[in-house]
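# Breakdown of the fold
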Amino acid sequence: MVDRGLEYADLVVDDVYGGSRSGNASDDPLPSLIGVDNGAGFRHLGQRPNVSTLKLISLKTSFSDVNWPDSLDRERGLFTYYGDNHGTRELHDTPRQGNLILRNPFDEAHNSRCSLHFPPILLFGNTGTYRDVQFLGLAVPGAEGMGSDDDLVAVWRTSSEQCRFQNYRAIFTVLDVPIVARAWINDIKLGRILESPHAPAVWLDWVRTRRLKALRSKPIITVRSKQMQIPDGALRTYVDLVYNTYKSDPYAFERCAMEIAKMFLPDIHHDELTRPWRDGGRDATGLYRIGREAGAIDVEFALEAKCYATTTGVGVEAVSRLISRLRHRQFGILVTTSYLHGQAYKEVVDDGHPVVIVAARDIAEKLQSRFGSVEAVRDWLRTVAPS
């Protein structure tokens, strides 16, 4: 973690940048790191909200708002971000003109005449430790194969007062730029954005031609050991809470497991729990959407939920039962508060079975990053799947 000399540090993808430990807004590392203020969400250098007068845009996400599930797809290099209208305001009537700052770069990106000025967009995510942030990458609006009707969409939501309102869902491409040099950040502050000799070539190519080169990170498929699947220390309290809540009510855990699966696969848009007496190895079924709008397709999946203590692993029999019930072009999801036995895990990986494995450590890390505290998770469990 970089926590000293932030004003001299390069931005390295996935590195963590820490601030002070005062317990207030002064802990925020971004003012020292890139020169922006310590507000929330959209931050910038230059005059907002027009692209022509902005020098830099910074987006920071907590990854913790269940109503606005920002997400980073590392395999495809895509970042999904929801705008600032979280209430009943008009779409663009948001604090600090956040949704205008979001909209205008997309409009400019789709302009048939490429501008010679474009503000770099830097992405950061909260780590859950004080106000430390992880650098997620240098981004640009849009994605390969997406048009102006797909990459920035005004989605409808209903407030707690039953009032309908709109907010933006935006898709960015994270560019194949592993390091943003400090020298370029310094030049950006001076208004030398494209002219700087330190500007990344991949970013310059996009500005001039709109050619995308995404930072794609193919996961290494390995058989995780028991130790790799079980959390330790304070992290373990998150999964212990889930287990203790549902250990005597496995059917309620099935509902919880589906909601956990949606955190990992946010494009699940339909699900149905099987009746308790019909459970033959599939605790739920559903549809996962691939693509956007009219070009999207739905893929069926089956989910199996196992609420086990971390001392009891999920064996070959349970996994084989799930696999045997998968039809052509379906995939499976196994969610467990424990771990998958080595032999069962090896069979899934070696035979290439289309099964997503969500083990205890995965659950704990996701809940911690999304909610930040065990108390907040406890409140969420009462709401999503009361036992």
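Residues numbered from 1 in each chain as written. Predicted model: local features only at pLDDT ≥ 70, side-chain atom pairs only at ≥ 80, totals over all residues. Heavy atoms only, no water.

Counting its secondary structure elements, the chain contains 11 helices and 16 strands. Scaling as 2.2 N^0.38, a compact globule of 387 residues should have a C-alpha radius of gyration of about 21 Å, and the chain matches this with 22 Å. Seen through its C-alpha atoms, the chain measures out along the principal axes to roughly 65 × 50 × 45 Å. The burial tally for the chain puts 48% of its 387 residues in the buried class. Counting contacts in the chain only where the partners sit at least 6 residues apart, residues at least 24 apart contribute 64% of the total. Within the chain, the 49 negative side-chain charges are centred at a point lying 0 Å from the centre of the 47 positive side-chain charges. (Helix = DSSP H or I, 4+ residues; strand = E, 2+ residues; numbered from the N terminus. Rg over C-alpha atoms; globule rule 2.2 N^0.38 Å. Buried < 20%, exposed > 50% of the residue type's maximum accessible area, 1.4 Å probe, protein only. Contact = heavy atoms within 4.5 Å. Lys, Arg positive; Asp, Glu negative; His and termini not counted. Charge placed at Lys NZ, Arg CZ, Asp CG, Glu CD.)

Summed over all chains, the structure comprises 14 aromatic pairs. Among the aromatic side chains, those forming a connected cluster through ring pairs are Phe 42, Phe 63, Phe 79, Tyr 81, Phe 106 and Phe 172. Its guanidinium or amino end placed over the ring of Trp 206, Arg 210 lies 4.4 Å from that ring's centre, counting from NZ or CZ. One Lys or Arg, Lys 366, reaches over the ring of Phe 264 and ends 4.9 Å from the middle of that ring. (Phe/Tyr/Trp six-rings, centres within 6.5 Å; stacked < 30°, edge-to-face > 60°. Lys NZ or Arg CZ within 6 Å of the ring centre and 35° of its normal.)

Taken as a whole and judged by the stated rule, the model has one cavity of 30 Å³ or more. Computed from the structure, the largest cavity encloses a volume of approximately 40 Å³. Looking at the largest cavity, the residues that line it are Phe 42, Ile 57, Leu 59, Ile 101, Leu 102, Pro 105, Phe 106, Ile 121 and Phe 172. Elements supplying a minimum of two residues to the lining of the largest cavity: β4 (54-61) and α2 (98-109). At four residues, α2 tops the list of elements feeding residues into the lining of the largest cavity. For the lining of the largest cavity, a count of residues per class yields nine nonpolar, no polar and no charged. (1 Å grid on protein atoms, 1.4 Å probe; cavity = no way out; pocket = protein on both sides within 12 Å on 5 of 7 lines; lining within 4 Å. Points joined across faces, edges and corners; volume = space filled by probe spheres on them. Nonpolar A, V, L, I, M, F, W, Y, C, P; charged D, E, K, R; others polar.)

Note that every value here comes from positions in space, so none of it alone points to a role or purpose.
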